[in-house]
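Spelled out, the chains give:
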Amino acid sequence: MNRVLDVCTGRPGVPLVLLTGQAGIGRSRVLTQIRARLAGPQVSTVEIRVSSGERDFPGLVGRIAGELDVPPARGESTTDVLRRLLASLTGKRRLVVFLDDAHRLAQSCRTAAASALNALAGAPITFVCAVRTPGADAGLEPLRAAGLVHEERLRPLTVSTVEHILTAQLGARPAPGLAASLRTTCRGIPAVVHAAIEGYLAVGGLRIVDRGTHLVGNGAPRLPVSHPLFTALRGTSTWPVVKALAVLHPLGEAAPRLIAETAGIGADEVLDVLHTLCADGVVLRGNGWRFRVPMLATLLTGCLGPYERRRSAQLAVTAIWDGTASRPDGEYLPERIVAASRLVDGERAAAELLAHAETAPVDVAIRWRWAACGRLTDPARRAAALHRHAVGCAQQQRLAPAAMAAQTALREHPDSLTPDAVPELRLICVAGLAGNGNTAALRELTETSLQSLPGSWADRIVNRAAAFCLLDQWEQARDLLLAERELWSGGEAGVAALGQALADAVEAVTGTTPAASGPAGAAVEEAQTLLRALGLDPASARVGEDGESAVSQSVRAMLAGQWNHALNLARSAIANAPAQGESPGQTAMFREMAAILTARGQLSRARDVLADARSRHLLLPHQLALPEADLELTIGAVQQSRTVVEDALAVATESGAVFGTDELWLRMAELETQSGNQAAARQCAERIERIADRLGTVDSHRNRLLARVLVDHDADAAADVLQLASERGRPFEYAATVTAVAECGFADQKLVRTAYETFGELGALIPRARLRLLMRARNIAVTGRKATVAENERLLATLITEGLTNSQVATVLGTSEKSVEGRLTRFFQRTGYRSRAELATATLHCCVHTPA
């Protein structure tokens with residue numbers, strides 16, 4: 001912009017400035033900004049928007065003169081009018097004429113304008129013309145050769161600018177990859193970027209989780225036909241062609257023929273329109289015809305009516321199947337099959353969809369399998385496909401589509417299902433109630449007589465026990481499975497396997513077995529896999545494997561110390577959950593997520609995550625208490641921290657759950673020790689011993705050892721727990737264990753330094769800051785003073801951004817409120833921020849470095 005201003009005000013020998021760029025790049029906006037910058041007593045400005053195909057150059061000059069209130073006299077030449085305009089500018093040094101959409105000028109008009117500009121070289125007048133590229137600028141070569149033209153090409157937006165647009169418009173940072181993807185599909189064209197965001201918002205495709213914006217669901221962005229983005233395309237002949245091209249362009253040279261058939265117009269007319277679109281820069285000609293901006297094709301597809309969408313998809317599928325069009329790579333064919341609905345052969349469509357679903361991403365594979373189920377007509381094949389689809393969705397914790405498929409199979413094809421499929425589908429239906437938050441229906445299952453429930457007696461018992469579990473009534477589930485063991489274990493093989501898997505899950509939660517050892521083998525292992533996916537095995541030690549759900553993978557990554565990746569997986573899973581059904585087994589994900597955010601100083605975000613978790617129907621909610629108690633303790637709310645733990649223990653007792661209570665009793669032991677109540681602390685330690693004996697898990701054994709270190713100052717237990725922590729492959733747990741042991745005086749300097757470094761690698765600012773205080777108290781050198789100062793400033797900025805008071809910040813940092821005031825004053829002086837609000841805004845826009 002500054003270069004253009006320089007030409008307009010300081011270079012009288014250059015009468016023409018060209019602002020070039022693609023449609024939607026923002027030429028008009030830049031013209032407006034330049035004109036605003038030129039406003040003043042020394043410059044007169046005029047802005048003319050050129051009409052399409054304007055041919056009369058004298059008429060154009062007349063419009064300019066009219067804007068300046070000096071209309072041309074009859075018979076006055078164009079050059080004389082321009083000279084008179086300049087002479088009339090008393091006291092002004094220059095005249096700048098802005099011509100928007102100058103590419104609309106006819107060739108004859110451009111030629112006349114070039115001649116006039118050549119004659120005006122050196123005069124105090126500059127024409128600033130916005131020209132679309134590719135566009136017609138022929139006839140300017142002599143002016144260029146004479147140095148009378150200055151050109152500025154407007155560049156597409158960068159990824160960082162798209163990130164800024166998303167952040168400014170939605171008030172949240174885009175998730176990793178979102179801005180880059182949007183920039184690529186929109187080719188960085190501002191008008192298309194804004195239209196795409198508007199289109200995604202219209203279909204609920206953008207959702208904010210943990211102050212991050214995520215693209216969710218499979219719905220394409222949609223805009224009304226009247227949207228300004230389509231204004232230039234809505235001509236009588238252009239509109240039907242460009243809409244059909246949006247669907248058919250991947251078919252290459254076959255597209256024009258199919259467009260003609262879709263739109264009901266002649267092939268020659270289609271080609272004429274395509275050539276015009278190519279000249280206007282909307283489409284590109286190569287091996288066929290394609291859109292210069294891919295997102296424009298996506299948005300245009302949303303403008304098709306229902307019949308247009310099905311008909312164009314039918315023609316595409318038929319052309320590919322009969323070989324008259326090449327088969328595009330990727331998702332094109334299955335997507336067109338889905339859109340064509342019943343206008344194409346059902347059996348072949350189902351086979352294609354099922355084949356493509358084998359290697360497709362989870363979300364699209366689910367949609368294609370469901371569409372395939374709707375195409376199959378043979379009852380046995382359809383029943384098998386529905387069963388497989390239901391189980392596949394369940395394994396990915398997509399409970400809503402899983403339950404829908406299960407209900408359809410049980411309702412429409414009960415006699416075509418295998419004996420083992422029926423109990424699986426009934427269990428998926430029960431879990432689907434929890435996924436929808438339908439606790440009333442779950443309670444009805446537990447209260448209705450067994451005779452009134454569907455299925456065999458064994459099936460009814462297992463489903464009722466599952467309903468108890470999904471209501472967090474583990475003691476009732478245990479009692480039912482124990483009382484009716486002979487019936488469920490003696491039922492069909494599939495029911496017996498599910499019953500045994502459920503009994504094992506109840507045992508893991510309650511610490512007691514509801515029955516003697518039952519059936520085992522591959523069938524039970526498969527049943528356990530299904531239960532874990534449905535959230536009915538919340539105490540499972542297996543937290544995720546390749547191929548399992550994003551929820552499980554996020555927990556595994558969190559424990560493994562891959563915090564940034566894990567948080568992204570978790571946020572994505574939360575954002576997509578409403579369309580997939582809420583898995584009741586997500587408690588561990590929310591728990592670890594809140595713990596990470598707390599460790600990084602993002603306390604308000606951690607509190608929001610916990611509030612979100614509490615609003616959902618999750619199993620073993622007492623597991624959320626530890627990160628919540630840690631959060632309260634971090635800001636000095638000791639009594640509130642104790643209350644959170646006590647309430648959680650009461651909830652666990654009421655439900656019959658023992659799993660996860662050992663860590664709560666350990667926290668109670670810490671609180672009692674800090675308050676000097678050693679007898680109460682010892683009672684807590686004794687409870688942990690009993691719980692560890694009942695559960696027999698590695699986690700409970702670790703907490704038993706830590707309790708011995710804390711309460712009894714047991715050196716052997718300290719060595720054992722350090723060894724155990726080093727073998728677990730959980731960096732944060734290891735560093736926290738070292739810190740706990742060091743506070744009791746048992747960890748050597750090398751271990752403490754290792755823990756300090758581990759906290760730093762994870763970005764765990766708060767435990768690292770507190771360990772630093774301990775190190776200084778124990779005369780353990782903290783290296784890197786400059787880095788430490790920068791880290792303290794980073795933590796300070798994070799805490800202020802999170803809305804903490806000076807008193808709370810002082811508690812977190814282990815210093816005085818006066819010291820915090822001094823640090824803040826120095827921080828604001830150094831950075832130039834004038835308020836906490838300004839700092840928070842800068843942090844949102846990534847101008848201040850804080851953890852991801």
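First, a word on what this report is: a plain description of the structure on this page. (Residues numbered from 1 in each chain as written. Predicted model: local features only at pLDDT ≥ 70, side-chain atom pairs only at ≥ 80, totals over all residues. Heavy atoms only, no water.)

**So, the overall build of the chain**
Scanning the chain from terminus to terminus reveals 43 helices and ten strands. For the C-alpha atoms alone, the extent of the chain along its principal axes is close to 110 × 75 × 40 Å. Within the chain, contacts between residues at least 6 apart in sequence are counted, and of these 65% link residues at least 24 apart. When the accessible surface of the chain is totalled, it reaches about 36200 Å², and 51% of it is carbon and sulfur. Considering the chain, the positive charge centre built from 91 side chains and the negative charge centre built from 89 side chains are found 9 Å apart. (Helix = DSSP H or I, 4+ residues; strand = E, 2+ residues; numbered from the N terminus. Contact = heavy atoms within 4.5 Å. Areas by Shrake-Rupley, 256 points an atom, 1.4 Å probe, with all protein chains shown as cover. Lys, Arg positive; Asp, Glu negative; His and termini not counted. Charge placed at Lys NZ, Arg CZ, Asp CG, Glu CD.)

**Topic: the pattern of salt bridges**
According to the stated counting rule, one finds 43 salt bridges in the structure shown. As a salt-bridge pair, Arg616 and Asp612 come within 3.0 Å of each other at their nearest N and O atoms. In this structure, the salt-bridge partner of Asp699 is Arg730, at a minimum N-O distance of 3.6 Å. Of this pair, Asp699 sits in helix 35 (residues 698–712) while Arg730 sits in the loop between helix 36 (715–727) and helix 37 (731–743), and the two are 31 residues apart along the sequence. Judged by its relative accessible area of 18%, Arg730 falls in the buried class. Bridged by salt links that share partners, the residues Asp699, Arg702, Arg728, Arg730 and Glu733 form one connected network. (Salt bridge = Lys/Arg side-chain N within 4 Å of Asp/Glu carboxyl O. Buried < 20%, exposed > 50% of the residue type's maximum accessible area, 1.4 Å probe, protein only.)

**A short note on the side chain of His413**
Mapped onto the elements of the fold, His413 is located in the loop between helix 19 (399–412) and helix 20 (421–435). The buried category is assigned to His413, whose relative accessible area is 11%. Among the polar contacts listed, one links the side chain of His413 to the side chain of Arg382, at a separation of 2.9 Å. (Polar contact = N/O pair within 3.5 Å; in protein donor to acceptor, adjacent residues only side chain to side chain.)

**Quick word on the packing of aromatic side chains**
Two descriptors summarise a pair of aromatic rings, namely the distance from one centre to the other and the angle between the planes of the rings. Applying the stated rule across the entire model yields four aromatic pairs. A ring pair is formed by Phe732 and Phe759, whose centres lie 5.8 Å apart and whose planes are at 65°; its orientation type is edge-to-face. Highlighted residues: Phe732 in helix 37 and Phe759 in helix 38 (residues 749–762), separated in sequence by 27 residues. It is Arg336 that lies over the ring of Tyr332; its NZ or CZ is 5.0 Å from the centre. For the cation-ring pair, Arg768 lies above Tyr756, with the distance from its terminal atom to the ring centre recorded as 3.8 Å. (Phe/Tyr/Trp six-rings, centres within 6.5 Å; stacked < 30°, edge-to-face > 60°. Lys NZ or Arg CZ within 6 Å of the ring centre and 35° of its normal.)

**Structural notes on the state of the cysteines**
Under the criterion given, the structure shown has zero disulfides. Take Cys303: it sits in no disulfide, and the sulfur closest to it among the cysteines is that of Cys186, at 15 Å. With no disulfide of its own, Cys373 lies closest to Cys393 among cysteine sulfurs, the gap being 8.9 Å. (Disulfide = S-S within 2.5 Å.)

**Things to note about a negative patch on the surface**
Among the surface-exposed residues, Asp420, Glu492, Glu525 and Glu526 lie close enough to one another that they form a single negatively charged patch. Counting through the fold element by element, Glu525 comes out in helix 26 (residues 522–534). Glu525 gets classed as exposed once you look at its relative accessible area, which sits at 52%. (Patch = residues over 30% accessible without salt bridge, like charges linked within 9 Å, V, L, I, M, F, W, Y side chains within 5 Å.)

**Digging into the nonpolar core**
Formed by 159 residues in total, the largest nonpolar core has its most connected members in Leu182, Leu248 and Phe291. The leading source of residues in this core is helix 20, at ten residues. Dropping the residues within four chain positions of it, Phe291 is found in contact with Val242, Leu245, Ala246, His249, Val282, Val283, Leu296, Ala297 and Leu300. If you look at the next biggest cluster of nonpolar residues, it comprises 77 residues, including Val216, Leu664, Val738 and Tyr756. (Core = buried A, V, L, I, M, F, W, Y, C linked by side-chain atoms within 4.5 Å.)

**Side note on the packing of helix 39 (residues 765–777) against helix 40 (residues 785–801)**
The contact between helix 39 and helix 40 brings their axes to 10 Å, and the two run at 135°. In terms of orientation, helix 39 lies oblique with respect to helix 40. In this structure, the crossing between helix 39 and helix 40 has a hand that is left-handed. Side by side, helix 39 and helix 40 meet where Leu765, Ile766, Arg768, Ala769, Arg772 and Arg776 of the first sit next to Thr788, Glu791, Asn792, Arg794, Leu795, Thr798 and Leu799 of the second. Along the lines of polarity and charge, the residues of the contact of helix 39 with helix 40 split into five nonpolar, three polar and five charged. (Axes fitted to C-alpha atoms, helices over the stretch in contact; angles between N-to-C directions. Parallel < 35°, antiparallel > 145°, perpendicular 65-115°, else oblique. Left-handed = near helix turned anticlockwise from the far one by under 90°. Nonpolar A, V, L, I, M, F, W, Y, C, P; charged D, E, K, R; others polar.)

**Things to note about the sheet that holds strand 6 (residues 173–174)**
With mixed pairing, the three strands of this open sheet are ordered in space as 6-8-7. Looking at which strands have only one partner, the edges of the open sheet turn out to be strand 6 and strand 7 (206–209). Where strand 6 meets strand 8 (residues 212–215), two bridges bridge the pair, whose relative direction is parallel. From the neighbouring strand, Pro174 faces strand 8, where its bridge partner is Thr213. Here helix 28 (residues 563–580) sits on the sheet and contacts strand 7 and strand 8; the angle it forms with strand 7, its principal contact strand, is near 125°. (Pairing = 2+ DSSP bridges.)

**Details of helix 29 (residues 587–599)**
Between its terminal C-alpha atoms helix 29 stretches 18 Å, which fits the 18 Å expected from 13 residues at 1.5 Å a residue. Most of helix 29 is tucked away, with eleven of its 13 residues classed as buried. One or two residues past the end of helix 29 sits Gly601, with phi positive at roughly 85°. (Expected span 1.5 Å × (residues − 1).)

**Description of the environment of His164**
With respect to the secondary-structure elements, His164 resides in helix 7 (residues 159–170). On the basis of relative accessible area, His164 is assigned to the partly exposed category, the value being 46%.

**Re the sheet that holds strand 3 (residues 94–100)**
If you trace the five strands from one edge of the open sheet to the other, you get 2-3-4-1-5, paired in parallel fashion. Edge positions in the sheet fall to strand 2 (43–49) and strand 5 (149–153), since each has one partner strand and no second. Strand-to-strand twist of the sheet, defined as the mean angle between neighbouring strand axes without regard to direction, takes the value 15°. Two elements, strand 1 (residues 16–21) and strand 4 (residues 125–132), share six bridges in a ladder whose sense is parallel. Paired with Val17 across the strands is Val128, a residue of strand 4.

**Brief notes about unusual backbone geometry**
If you check the backbone angles, Asp101 has positive phi at about 60° while not being a glycine. Note that Asp101 resides in the loop between strand 3 and helix 5 (107–119). Note on Asp101: relative accessible area 5%, which makes it buried. The phi dihedral of Arg187 falls on the positive side, at around 55°, and the residue is not glycine.

**A short note on the environment of Ala409**
Looking at the element boundaries, Ala409 is found in helix 19. Taking the C-alpha atoms as reference, Ala409 lies 8.9 Å from Val422; in sequence the two are 13 residues apart. Dropping the residues within four chain positions of it, Ala409 is found in contact with Leu386, Pro414, Leu417 and Leu425.

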